[in-house]
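Chains, contacts and geometry: an overview
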Protein chains: 2
Amino acid sequence: MAGAGGVDLLAEQLVAAVGAAHVLTDPDVMAGFERDWTGRWQGRARLVVRPGTTAEVAQVVQICAAVGVAIVPQGGNTGLVGGAVPDAGAVILHLGRLDHLDPVDLTSAQVTAGAGVTLARLQDHVGAAGLAFPVDLAARDSATVGGMVATNAGGLHVLRYGGMRSQVVGVEAVMANGGIVRRLDGLIKDNTGYDLPGLLCGSEGTLAVVTAARLRLSPLFAHRVTALIGLEGLPAALDLVARLRTLTSLEAAEVMFASGIDIVCAHTGLPAPFPVRYPCVLLVECAAATDPVDDLAAALLAAPEPLDTAVATAGAARAGLWSWRERHTEAVNAIGVPHKLDVTLPLGSMAAFESEVRPLIEKVAPGATTVIFGHVGDGNLHVNVVGPAPDDDGVDDAVFRLVAAHHGSISAEHGIGRAKRGWLDLTRSADDIAAMAAIKMAFDPGGLFNPGVLLP
Amino acid sequence: MAGAGGVDLLAEQLVAAVGAAHVLTDPDVMAGFERDWTGRWQGRARLVVRPGTTAEVAQVVQICAAVGVAIVPQGGNTGLVGGAVPDAGAVILHLGRLDHLDPVDLTSAQVTAGAGVTLARLQDHVGAAGLAFPVDLAARDSATVGGMVATNAGGLHVLRYGGMRSQVVGVEAVMANGGIVRRLDGLIKDNTGYDLPGLLCGSEGTLAVVTAARLRLSPLFAHRVTALIGLEGLPAALDLVARLRTLTSLEAAEVMFASGIDIVCAHTGLPAPFPVRYPCVLLVECAAATDPVDDLAAALLAAPEPLDTAVATAGAARAGLWSWRERHTEAVNAIGVPHKLDVTLPLGSMAAFESEVRPLIEKVAPGATTVIFGHVGDGNLHVNVVGPAPDDDGVDDAVFRLVAAHHGSISAEHGIGRAKRGWLDLTRSADDIAAMAAIKMAFDPGGLFNPGVLLP
């Protein structure tokens, strides 16, 4: 941490730029920004600054660059890899006040949103215009557009629409020298140079500060059906999802396992979803302009064996079916501070991985609780392990090595952050990491943005 | 051009790397690689080298880097902006021999293809496996996967699937230092670092040499219907396409104009498509698992005014309807060497642009022939101007300035190449161009790859 004199001068300059109300230095107030919500990641910031416009962001960047103080951009602080947790002495650049939302452009089915707009507010806004935003995730009330761009957020609908990068038509961003790159015209085709929006998407705040995004919207479907299906295991879930993809308007396919559902029920008081304790439970949701119930029912009836299924079409009943899936996270956190390992497997290796990873974790961390769930259509499993100390890397290391052996990815949608950068070379070659390091150096030669995140 | 002694030593080293049969130095043989197919762009290469493997590409890059000779990567040489035409003395690195095609991965609906695979061969290969490749364009018999990645090719189906970047799950590429970056595992979600595949897509050979790509595939639809529709003008076409997008399984929407159709008919001997000479003719194609004819017919019948329409479902009849559109290019080339100006407008400005650009061209280049056609669902118009000398920039300048005034893009899908780099700053700010120049410097500090292309 820099000396007290430096703190004052920097704070004074920032107050002059954004106003005293938006420079936070009280340790009690800052505490909420310094710690991630799982409690696994904790840092110490010099101060928190909350600019209200893109021009103010540019001023903040220039002020910090001039004195060589690092910047940690932060949105809803719902990340899971410590990517928005500060190193000692860094300034947290909080983007929550950049919350402007343009009217929905119905001709292009796009909207421009400030970095600080929450996903829930974006969904409400475009829903009122008769459209939907294709990305949805459980942290929707807190997660922001800027954070979702910076982390290339995935979520529940990737199998139909792709992740955040697929929705980003353009961005506005402040560069390390305070310059502003603005690509918000919303052109569907634009081959005039390198894809800066796509590059910033997923760069985890290490290259520039994303201040706004031009986003693609999807149809708001009038009809939606959700089904919860009891199955013998992950192979059966994969087979069923493959069939549903071609036969129905599938929008989500989430997998859970018996031991995880037990924990959810114990923590939340929810009843068991079925009288039988199935090893694997699949939640699927279809959405379409015309009622998708018949297509889903026909596809389920055509399954080789009869399936135990609960189906809902009305909003409250659908939310009820989702509750077993969505309350996994809080149930895991209630046990202790989790290691949240978010991995992708090639679809063909997913079942083998799931059967191998449980005994592996038991061997590395005897007595730990393992809860697995995930987005089965994307090959994405969330492996949650509670029991080892937060700073014990043994479980992470073992799981990531198993992932690499299956040619998977050590981060499906959470990113690398501080949590995984020590393992980046498991699946990225030295040439690949060198290319990424060269990009970092090109954008941020002074190491201003989010030092200690992503690159080794 | 370097001295003769240098030529010999370089050629000898390249012969040692790839074999004598694959180093071309005969001026007559090289001529076909030095000139683009429109005839507007012509260069002079030192030699043409045709490596057969990724390792050989890396060797070629290292050999050229060691002696400081520039490299121009070339695929099917169907580009339209001079992006594969060499500066004096450069080596053309032709990728046609990297033509391996992996078996289609049916589980993930993906395939890995070498840079030299033509689009037509890729389409045949994945079609035999019951899938389709989402990008299609008229140059399909020559255009290659590597060139399509490097230029982020667009084409006929962007309104449904997006362009090439949307299909690229991963790439293999040779960097300027001869290192090889390989991301071909085909993971649907992978947030382990910067999006190098997306960055290389559309980089026009200026950052690295793309040697292979992992590509997303789409369903191969059993049913397809094509309609040719006579309309009063572009506003009517835009309205109709907006309605067809929501009501049908629309896959292509191409617009032509009366004067262009006249030229096509005069050059090819095709009859006029309708007894009435409509100002604007729209071609639409729908494709689906179940027959889309009824949906299309219902949507057309619901139009405010009766429409003059020709419809076809069988392959040969559909090809007949496409012929007016697909033969535009050869008809234009038959008149003379065209200025091919490929631009995007925001959908709301497209009709105004089309009505303004014709008198503008007539003023700047009196007597020139202007033929406009394009992908109307994407806001993409191809403005072809024949009459001015190939090196007369007056028309290009006037059209690009009109595009910029409408907040459009001076390149929708062709790229910048040599043709448009003087105008890049019309729609890209100094900060934006500086960020792109920094990326170029990071990847290729010696200026080895495609000097004179893309950046000012």
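Residues numbered from 1 in each chain as written. Chains lettered and ligands numbered in written order. Predicted model: local features only at pLDDT ≥ 70, side-chain atom pairs only at ≥ 80, totals over all residues. Heavy atoms only, no water.

Quick look at the interface of chain B and chain A
Taken together, the 64 residues of chain B in the interface contact 64 residues of chain A. Of the roughly 4,800 Å² buried between chain B and chain A on both sides combined, carbon and sulfur atoms contribute 58%. Summed over the three residues of chain B that lose the most area to chain A, namely B:Lys189, B:Asn191 and B:Tyr194, the buried surface amounts to 21% of that side. Between B:Lys189 and A:Asp378 there is a salt bridge whose closest N-O contact spans 3.0 Å. Joining chain B to chain A, the criterion identifies 32 residue pairs in polar contact (both at pLDDT 80 or more). When residues of the side of chain B that touches chain A are assigned to their parent elements, the largest contribution, nine residues, is made by helix α16 (residues 430-443) of chain B. Here the side of chain B that touches chain A is built from residues that sort into 25 nonpolar, 26 polar and 13 charged. (Contact = heavy atoms within 4.5 Å. Buried area = accessible area lost by both parts, 1.4 Å probe. Salt bridge = Lys/Arg side-chain N within 4 Å of Asp/Glu carboxyl O. Polar contact = N/O pair within 3.5 Å; in protein donor to acceptor, adjacent residues only side chain to side chain. Helix = DSSP H or I, 4+ residues; strand = E, 2+ residues; numbered from the N terminus. Nonpolar A, V, L, I, M, F, W, Y, C, P; charged D, E, K, R; others polar.)

A short note on the pattern of salt bridges
Residue and element names in this part refer to chain B. Applying the stated criterion to the full structure yields 46 salt bridges over all chains. The residue Arg 318 makes a salt bridge to Glu 285 at a minimum N-O spacing of 3.1 Å. Pair noted here: Arg 318 is in helix α12 (residues 315-326) and Glu 285 is in strand β13 (residues 280-288), with a separation of 33 residues, a long-range link.

Observations concerning the packing of helix α10 (residues 258-268) of chain A against helix α13 (residues 328-335) of chain A
Residue and element names in this part refer to chain A. Where α10 meets α13, the closest approach of the two axes is 9 Å, and the angle between their N-to-C directions is 80°. Taken together, the axis directions place α10 and α13 in an arrangement best described as roughly perpendicular. Residues Gly 260, Ile 261, Ile 263, Val 264, His 267 and Thr 268 of α10 form the contact with α13, whose own contacting residues are His 328, Glu 330, Ala 331, Ala 334 and Ile 335. By residue class, the composition of the contact of α10 with α13 is six nonpolar, four polar and one charged. (Axes fitted to C-alpha atoms, helices over the stretch in contact; angles between N-to-C directions. Parallel < 35°, antiparallel > 145°, perpendicular 65-115°, else oblique.)

Considering the sheet that holds strand β12 (residues 250-257) of chain B
Residue and element names in this part refer to chain B. Taken in spatial order, the seven strands make up an open sheet running β14-β11-β13-β12-β16-β17-β15, and their pairing is antiparallel. The outermost strands of the open sheet, each flanked by one partner alone, are β14 (308-312) and β15 (338-344). Averaged over all neighbouring strand pairs, the angle between strand axes comes to 15°, with direction disregarded. As judged from the seven bridges shared by β15 and strand β17 (residues 380-386), these two strands associate in the antiparallel manner. Residue pairing in the sheet places Thr 344 in a bridge with Asn 380 of β17. (Pairing = 2+ DSSP bridges.)

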